[in-house]
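# Results of the structural survey
Here's the letter readout for the chains.
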Amino acid sequence: MSMTITEKILAAHAGKDRVEPGELVNARVDMVLGNDITAPVAIREFKKIGVEKVFNPDRIALVPDHFVPNKDIKSAEQAKILRDFAREQQLTNYFEVGRMGIEHCLLPEQGLVGPGDVVIGADSHTCTYGALGAFATGVGSTDLAAAMALGETWFKVPESIKFYYYGRLNPWVGGKDLILYTIGKIGVDGALYKAMEFTGPVIKELSMDSRFTMSNMAIEAGGKCGLIEPDEKTRAYVEGRAKFPYTFYQSDEDARYSEVYEFDVSKIEPQVAFPHLPENTKPVSEAAGIKIDQAVIGSCTNGRLEDLRLAARVLKGRKVHPEVRCIIFPGTQEIYRRAMREGLFEIFIEAGAAVSTPTCGPCLGGHMGILAKGERAIATTNRNFVGRMGHPESEVYLSNPAVAAASAVLGRIAKPEEVV
Amino acid sequence: MKLKGTAWKFGSDIDTDVIIPARHLNTSDPAELAKHCMEDADPEFAAKISAGDVIVAGKNFGCGSSREHAPIAIKAAGISCVIAKSFARIFYRNAFNIGLPIFECAEAAEKVQPGDRLEIDADSGLIKNITRDETYRATPVPEFMQQIIAAGGLINYVSKRVKNNG
């Protein structure tokens, strides 16, 4: 019987020849992740289980990234819980400020997740690693605690939905636009409990950075995971990085899908998601003219080198609008260093933008760019819920980095062509 | 187990940022989180409700972040259970893991009005609307989830398993 890539990975980790959608399986986990918001609760629960040691100190990653560098005393206490636990358990993958990154940019970069893995993380955007051909999904703190003790967790094998992208990409259209468009078509619960599989000639052409952006937002359609079959680009990315053995899985040609969507990308222009749901997407031309107070470029969705290069292409030799704050967040220290060496920071600072150390900060309204009442931001982040970036009466519009940069220059939501 | 309380209604796609905004996530203390439960949908919510009250919502309740602080805030605020047309996946798992009863029931989500008195039989999933003299049936809870509830949450379930294997 044929299987999807998701079913094959879950079967392999459950010690079975095959699994069926709907079946409950206990699966071995290859990597378990927590951050400074979710891990403190997980560590508290872990200590109640009655085991002394975690299942494997090399297979747990703790990344303080949400409220670090610590924004206040309470968040400092939270981050300290991770640090103390990492030392006590001798965890090899604890990442301190100055050596860290936004978790979902960091783990692939460090080779801690790879094709064919099962990964759970107490962070909803753990689905990012689907771009490597891994089964990766978000869980809560208690599930994280149990997995830290057992090295396995339970899953209901999801049905899969296939998304097939064909045609020629328009200028300034990338992974962010494809995923926003997709969420706009199926809605924020369009893939609820299901595996999303992104395929087709357009996906083959996408860079790894763009693929990460797509898989990252599977959760915004309610998806359990968002997978892309690994290929030569995946191989080039993981070779020399991977800290553990990996396996390439492909969906069988006659694998079963609950739904199949086909999108002609030549009809897609850069997308903007209006407040207050990621499904409220419109072509950027329908958003043009909306005044903004802040532009945020970065996050686990769009904080990779390709994203910063796109922003730099638009900002080069130009100035951020006098009434706009433009804040740029590279995803990791390594991305930061490379962007610096390429001269991207020179461009950003000449333009009047701020460049920050890696942090999730503004994306979730934590710190480093909170909006006041009535303010409006365009952001390359992943959510535009009520109050997401600050005051409950502020607004967030989601876009790709080029649109955010062009909007920063003009002080209103704009197409990159209006600037470049 | 019987749960009894007044219904508080919310719409669809209630996200975890509305349930507990991230500005309060610099703590994981349940009592502190409870004070801010549903704050961005209704700033007075935590002060208005009584112990045992029930949240009734539309589709995709708890979408967004994986923060377990969301079901913890609801539970610590004194809400006895959440009834919704559907739940986002991570919230669904988290609620069972921490012992917050939740029920999937489209009929209740539609027919219950704010202020209705509800009585829920947690074992059978039967929801009685005392105010309107109606009864709705929730989607049965999968057997494995029932085992987690019976054990008193995932940590107790895992703890027993570890002891039995030890």
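Here we take up the pairing of strand β2 (residues 54-57) of chain B. Residue and element names in this part refer to chain B. Across the two faces of β2 the burial is the same, with Val 54 and Val 56 and Ile 55 and Ala 57 all buried. Pairing of strand β1 (residues 2-9) with β2, which is carried by three bridges, proceeds in the parallel orientation. The partner of Ala 7 across the bridge, within β2, is Val 54. Sheet topology note: the β2/strand β3 (residues 81-84) ladder contains four bridges and is parallel. The residue bridging Val 54 from the neighbouring strand is Cys 81, located in β3. Handedness of the crossover joining β2 and β3 through helix α4 (residues 69-76): right-handed.

Further remarks concern the domain arrangement of chain A. All names here are of chain A. Taken as a whole, chain A is organised into domain 1 (5-262) and domain 2 (272-418). Computed over C-alpha atoms, the centres of domain 1 and domain 2 are 24 Å apart. Between domain 1 and domain 2, the contact holds 36 residues from the first and 40 residues from the second. Interface area for domain 1 against domain 2, summed over the two sides, is near 3,100 Å², with a carbon-plus-sulfur share of 60%.

This part takes up the environment of A:Thr199. Residues and elements named next belong to chain A. Among the structural elements, Thr 199 can be located in strand β9 (residues 195-199). The class of Thr 199 is buried, set by a relative accessible area of 14%. In this view, Thr 199 contacts Lys 162, Phe 163, Tyr 164 and Tyr 165; residues no more than four positions away in its chain are not counted.

Taken together, the contact pairs 50 residues of chain A with 42 residues of chain B. Both faces combined, the contact of chain A with chain B buries some 3,800 Å², and carbon together with sulfur accounts for 57% of it. In this structure, the connection of chain A to chain B is made through four salt bridges. Its salt-bridge partner being A:Arg388, residue B:Asp17 comes within 2.9 Å of it at the nearest N-O pair. Our enumeration of links across chain A and chain B arrives at 22 residue pairs in polar contact (both at pLDDT 80 or more).

What follows concerns the sheet that holds strand β3 (residues 60-63) of chain A. Strand order across the open sheet formed by five strands is β4-β3-β2-β5-β6 (chain A), with parallel pairing between neighbours. Each edge of the open sheet is held by one strand with a lone partner, namely β4 (93-94) and β6 (135-138) of chain A.

All names here are of chain A. Where helix α11 (residues 305-315) meets helix α13 (residues 344-351), the closest approach of the two axes is 9 Å, and the angle between their N-to-C directions is 45°. Here α13 runs oblique to α11, going by the angle between their axes. The element α11 and its partner α13 pack so that their crossing is left-handed. Where α11 approaches α13, its residues Leu 305, Leu 308, Arg 309, Ala 311, Ala 312 and Leu 315 are matched on the opposing element by Leu 344, Ile 347, Phe 348 and Ala 351. Across the contact of α11 with α13, the residue classes break down as nine nonpolar, no polar and one charged.

Criteria and cut-off values
- Residues numbered from 1 in each chain as written.
- Chains lettered and ligands numbered in written order.
- Predicted model: local features only at pLDDT ≥ 70, side-chain atom pairs only at ≥ 80, totals over all residues.
- Heavy atoms only, no water.
- Buried < 20%, exposed > 50% of the residue type's maximum accessible area, 1.4 Å probe, protein only.
- Helix = DSSP H or I, 4+ residues; strand = E, 2+ residues; numbered from the N terminus.
- Pairing = 2+ DSSP bridges.
- Right-handed = clockwise from strand over helix to strand, strands pointing away.
- Domains from an automatic or database assignment.
- Contact = heavy atoms within 4.5 Å.
- Buried area = accessible area lost by both parts, 1.4 Å probe.
- Salt bridge = Lys/Arg side-chain N within 4 Å of Asp/Glu carboxyl O.
- Polar contact = N/O pair within 3.5 Å; in protein donor to acceptor, adjacent residues only side chain to side chain.
- Axes fitted to C-alpha atoms, helices over the stretch in contact; angles between N-to-C directions.
- Parallel < 35°, antiparallel > 145°, perpendicular 65-115°, else oblique.
- Left-handed = near helix turned anticlockwise from the far one by under 90°.
- Nonpolar A, V, L, I, M, F, W, Y, C, P; charged D, E, K, R; others polar.

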